[in-house]
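# Structural features, examined
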Amino acid sequence: MTQDDRTSALEREIEETRERLAGTIDQLLYRSSPKTIIGRQVAAVKAAYVDPVTGQPRTDNILKTAGAVVGVVGLVVVLRKIAR
């Protein structure tokens, strides 16, 4: 292998590495953008309340959440009455 061949191979390797790094940076920018993060979080919340396979509401989780909200509201009302 001549010096020119080694130099050419090294330049190709550097360019390939540069392209891989550019792709990685693009992926990181996409994953860290606020719109992407919000989209992932919305999908996670929807998955908790809607069955992804059937598209039907998951009433068990909905009832649990509603019960927790009613419990917290009831606790706040009781604590306010006690504080008066």
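Before reading on, note that the structure itself is shown above.
Residues numbered from 1 in each chain as written. Predicted model: local features only at pLDDT ≥ 70, side-chain atom pairs only at ≥ 80, totals over all residues. Heavy atoms only, no water.

A few words now on the overall build of the protein chain. Within the protein chain, the regular secondary structure consists of 3 helices and 0 strands. Listing each helix as α and each strand as β along the protein chain from the N terminus yields α-α-α. Relative to a compact globule of 84 residues, whose C-alpha radius of gyration would be 12 Å, the protein chain shows 28 Å and is clearly more extended. Its C-alpha atoms put the protein chain at 90 × 40 × 20 Å along the principal axes. Classification of the 84 residues of the protein chain by burial places 2% in the buried group. Just so you have it, the protein chain exposes about 7500 Å², and 64% of that area is on carbon and sulfur atoms. Seen as two clouds, the 13 positive and the 10 negative side-chain charges of the protein chain have centres 25 Å apart. (Helix = DSSP H or I, 4+ residues; strand = E, 2+ residues; numbered from the N terminus. Rg over C-alpha atoms; globule rule 2.2 N^0.38 Å. Buried < 20%, exposed > 50% of the residue type's maximum accessible area, 1.4 Å probe, protein only. Areas by Shrake-Rupley, 256 points an atom, 1.4 Å probe, with all protein chains shown as cover. Lys, Arg positive; Asp, Glu negative; His and termini not counted. Charge placed at Lys NZ, Arg CZ, Asp CG, Glu CD.)

The next subject is the environment of Arg-84. Looking at the element boundaries, Arg-84 is found in the segment after helix H3 (59-83). Relative accessible area serves as the criterion here: at 82%, Arg-84 is assigned to the exposed category. As for Arg-84 and Glu-13, which are separated by 71 residues in sequence, their C-alpha atoms are 76 Å apart.

A contiguous nonpolar patch, built from Leu-75, Val-78, Leu-79 and Ile-82 and spanning about 400 Å² of accessible area, is present on the exposed surface. With respect to the helices and strands, Leu-75 occurs in helix H3. (Patch = residues over 30% accessible without salt bridge, like charges linked within 9 Å, V, L, I, M, F, W, Y side chains within 5 Å. Salt bridge = Lys/Arg side-chain N within 4 Å of Asp/Glu carboxyl O.)

Looking at the element boundaries, Asn-61 is found in helix H3. If we skip the residues at most four places from it in the chain, Asn-61 touches Ala-48 and Tyr-49. (Contact = heavy atoms within 4.5 Å.)

Using the criterion set out here, one finds 1 salt bridge in the structure. Between Glu-15 and Arg-18 there is a salt bridge, and its shortest N-O distance comes to 3.0 Å. Placement of both Glu-15 and Arg-18 in helix H1 (residues 3-31) is noted, with a separation of 3 residues, approximately one turn of the helix.

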